[in-house]
Amino acid sequence: MTAQSDLSALRHRKGISLDQIAQSTKIGVRYLEAIEHAQFGKLPGGIYNVSYIRQYARAIEVSEEELLARYLQTASIT
């Protein structure tokens, strides 16, 4: 799995825009950007965070489990 700083680059290589992900998932672009930049404090919180991260991972075809593990690790530090 790529580092979170590489999520945007991976998405670009796959030709997927944030607007496309937002349209298909109904997640706001600002939240998608927060996921890409590991700024999880900008997400709405609770179960929404897990759901948004899973949907983003599916949209760019990366492991949901690995991305969630990174989120949970970051969340436990802050």
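## Looking at the packing of helix 3 (residues 29-36) against helix 4 (residues 47-60)
Now for step 1: Between helix 3 and helix 4, the least distance of the axes is 10 Å, while the angle of their chain directions is 80°. Viewed along their axes, helix 3 and helix 4 adopt a mutual orientation that is roughly perpendicular. Residue-level contacts link Tyr31, Leu32, Ile35 and Glu36 of helix 3 to Tyr52, Ile53 and Tyr56 of helix 4.
Now for step 2: Classifying every residue of the contact of helix 3 with helix 4 by side-chain character gives six nonpolar, no polar and one charged.

## Points about the pattern of salt bridges
Now for step 1: Taken as a whole and assessed by the stated rule, the structure comprises four salt bridges.
Now for step 2: With a shortest N-O distance of 2.4 Å, Arg11 and Glu36 are connected by a salt bridge. Within this pair, whereas Arg11 is found in helix 1 (residues 7-13), its partner Glu36 is found in helix 3, the two being separated by 25 residues in sequence.
Now for step 3: Exposure remark for Arg11: the relative accessible area of 4% places this residue in the buried category.

About the cut-offs
Residues numbered from 1 in each chain as written. Predicted model: local features only at pLDDT ≥ 70, side-chain atom pairs only at ≥ 80, totals over all residues. Heavy atoms only, no water. Axes fitted to C-alpha atoms, helices over the stretch in contact; angles between N-to-C directions. Helix = DSSP H or I, 4+ residues; strand = E, 2+ residues; numbered from the N terminus. Parallel < 35°, antiparallel > 145°, perpendicular 65-115°, else oblique. Contact = heavy atoms within 4.5 Å. Nonpolar A, V, L, I, M, F, W, Y, C, P; charged D, E, K, R; others polar. Salt bridge = Lys/Arg side-chain N within 4 Å of Asp/Glu carboxyl O. Buried < 20%, exposed > 50% of the residue type's maximum accessible area, 1.4 Å probe, protein only.

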